[in-house]
Amino acid sequence: MPAITEGRVIRLSIDLNVLFADQKARDKGVRGTAARMLMDAIRDGTCPAGPVQLVTSVPVIENWADSMRRHLGYSRDFAQEKADLLYEYANQGPMPEGPRIVVGMGHVPFGTEEQVRNSIRTRASPKNADKLFDEIADDRNVLLTALAGEADILATADTDLFTKGDAVALERSDVVLYPFGERTLVVGTPNFVAYWLRQGIIPDYAFVQSRPDDFLPKQEATPVPG
């Protein structure tokens, strides 16, 4: 096997909803799902397309522990133990790196700071206790984690929630591009990411560029003449 180099390692970031889908599948003994494939690749540090390095952060891990406790009925200690596996996967990957501490990167991709504060207060309300994830705070942490960690790919079931700020929406709904500095993050659904990784292909920005006819930018609607 060729030596591992930075250019060959797939830097993969995972949204909370993918973690949730994977855990639900494992609890029910369901095999073959896209979420399970991605988490197996992260755990093993490899997949048919090459070595896989998890890109994650402290906020993502802590939010995952909280979600398992609130929505899967795990005890606080057991949920934290399960969430801490993400620390191990990141630290034991092909190019080990610890989870990042994300504090912001000069912009708020999912709303104003006041909206973020309001969303936190709303989430804390008892009437919203059954809400799985916070659409502003959690997605913001996930995106900032992927950008700060220079991930190639962010897998999420909610690509539509990432078509904000500098994002480039495409005609297809399973992929969104997010330019940042000299890099472009590919935000794709678990099915999209897992499909190509199973084929031995890394669905990163270079892959998207190589198939321009398959990844057409979404056209703005033409105004109807009055």
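How each quantity is defined
- Residues numbered from 1 in each chain as written.
- Predicted model: local features only at pLDDT ≥ 70, side-chain atom pairs only at ≥ 80, totals over all residues.
- Heavy atoms only, no water.
- Helix = DSSP H or I, 4+ residues; strand = E, 2+ residues; numbered from the N terminus.
- Buried < 20%, exposed > 50% of the residue type's maximum accessible area, 1.4 Å probe, protein only.
- Contact = heavy atoms within 4.5 Å.
- Areas by Shrake-Rupley, 256 points an atom, 1.4 Å probe, with all protein chains shown as cover.
- Pairing = 2+ DSSP bridges.
- 1 Å grid on protein atoms, 1.4 Å probe; cavity = no way out; pocket = protein on both sides within 12 Å on 5 of 7 lines; lining within 4 Å.
- Points joined across faces, edges and corners; volume = space filled by probe spheres on them.
- Nonpolar A, V, L, I, M, F, W, Y, C, P; charged D, E, K, R; others polar.

A. Structural context of the overall build of the protein chain. Each helix and strand in the protein chain was counted, giving 9 helices and 7 strands. Counting over 226 residues, the protein chain shows a buried share of 47%. Once local pairs closer than 6 in sequence are excluded, the contacts in the protein chain between residues at least 24 apart make up 68%. Split by element, the accessible area of the protein chain, about 11600 Å² in all, is 51% carbon and sulfur.

B. The arrangement of the pairing of strand β6 (residues 175–180) in detail. Of the pairings in the sheet, the one linking strand β5 (residues 168–169) to β6 comprises 2 bridges and is antiparallel in character. In the sheet register, Ala169 faces β6, and the bridge partner there is Val176. Between β5 and β6, which pair antiparallel in sequence order, lie 5 residues. Alignment of β6 against strand β7 (residues 183–188), held across 6 bridges, turns out to be antiparallel. In the sheet register, Val176 faces β7, and the bridge partner there is Val187. Following β6, the chain reverses through 2 residues before pairing antiparallel with β7; Gly181 in that reversal takes a positive phi of roughly 65 degrees.

C. How the structure looks around empty space enclosed by the protein. A full pass over the atoms with the stated rule returns 1 cavity of 30 Å³ or more. Each pocket or cavity is described by its volume, and for the largest cavity that value is around 40 Å³. The wall of the largest cavity is formed by Ile14, Leu19, Leu54, Val55, Thr56, Val60 and Leu86. Partitioning the lining of the largest cavity into residue classes produces 6 nonpolar, 1 polar and no charged.

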